[in-house]
Amino acid sequence: MMLVSVPARVLLPDVGLWEEITGLFALIGGVQAVVLVAATAGVILGAVLWAGGHATGLGGVAKAGRLAVAGSLLVPVVAMALPGWIGWVIGTLSGG
């Protein structure tokens, strides 16, 4: 009987990937700041449209203002949850 030795394969993690992911999280932090400023401007502009449409009797403008306010309040919620979702996706895809 002859024994054949099989070379052992050593798997090492790709640490360069984590550096890129860290850069991605830093980019997301900058994007979040821009989103918060834009959402604030959206709330103000939507409120002006809503009030102006209501005061002048233009229902379409008032409805657009209401939608702008609602959307501008929802966008920061999604933007703040984004890093957690990205971490969850990375953890799920990496098997951990």
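Thresholds, definitions, all that
- Residues numbered from 1 in each chain as written.
- Predicted model: local features only at pLDDT ≥ 70, side-chain atom pairs only at ≥ 80, totals over all residues.
- Heavy atoms only, no water.
- Helix = DSSP H or I, 4+ residues; strand = E, 2+ residues; numbered from the N terminus.
- Buried < 20%, exposed > 50% of the residue type's maximum accessible area, 1.4 Å probe, protein only.
- Contact = heavy atoms within 4.5 Å.
- Expected span 1.5 Å × (residues − 1).
- Bend = angle between axes of the 7 residues up to and from the residue.
- Patch = residues over 30% accessible without salt bridge, like charges linked within 9 Å, V, L, I, M, F, W, Y side chains within 5 Å.
- Areas by Shrake-Rupley, 256 points an atom, 1.4 Å probe, with all protein chains shown as cover.
- Salt bridge = Lys/Arg side-chain N within 4 Å of Asp/Glu carboxyl O.
- Polar contact = N/O pair within 3.5 Å; in protein donor to acceptor, adjacent residues only side chain to side chain.

Colleague: What exactly am I supposed to notice about the overall build of the protein here?
Modeller: Per the secondary structure count, the protein includes 2 helices and 0 strands. A total of 96 residues make up the protein; the buried ones form 16% of that total. Counting only contacts in the protein whose residues sit at least 6 apart along the sequence, the fraction spanning at least 24 positions is 60%.

Colleague: Sorry, what's going on with helix α2 (residues 59-93) here?
Modeller: A rise of 1.5 Å per residue sets the reference length of α2, with its 35 residues, at 51 Å; its end C-alpha atoms lie 48 Å apart and thus fit the reference within 8%. The largest bend along α2 measures about 40° and falls at Leu 82, with the proline Pro 83 one to four residues further on. For α2, the full list of buried residues reads Ala 62, Gly 65, Val 69, Ser 72, Pro 76, Ala 79 and Ile 86.

Colleague: Would you take a moment to explain a nonpolar patch on the surface for this structure?
Modeller: Together, Leu 74, Val 77, Val 78, Leu 82 and Trp 85 make up an exposed nonpolar region whose accessible area comes to about 470 Å². Take Val 77: it is sitting in helix α2.

Colleague: It is not clear to me how the side chain of Ser 72 should be interpreted in this structure. Could you clarify?
Modeller: Relative to the elements of secondary structure, Ser 72 occurs in helix α2. Here Ala 68 takes part through its backbone oxygen, which lies 2.8 Å from a polar atom of the side chain of Ser 72.

Colleague: What is the right way to read the side chain of Gln 32 from this model?
Modeller: Within the fold, Gln 32 resides in helix α1 (residues 15-56). Of note is the side chain of Gln 32, whose polar atom sits 2.7 Å from the backbone oxygen of Ala 79. What Gln 32 contacts, discounting residues up to four positions off in sequence, is Ala 79, Met 80 and Pro 83.

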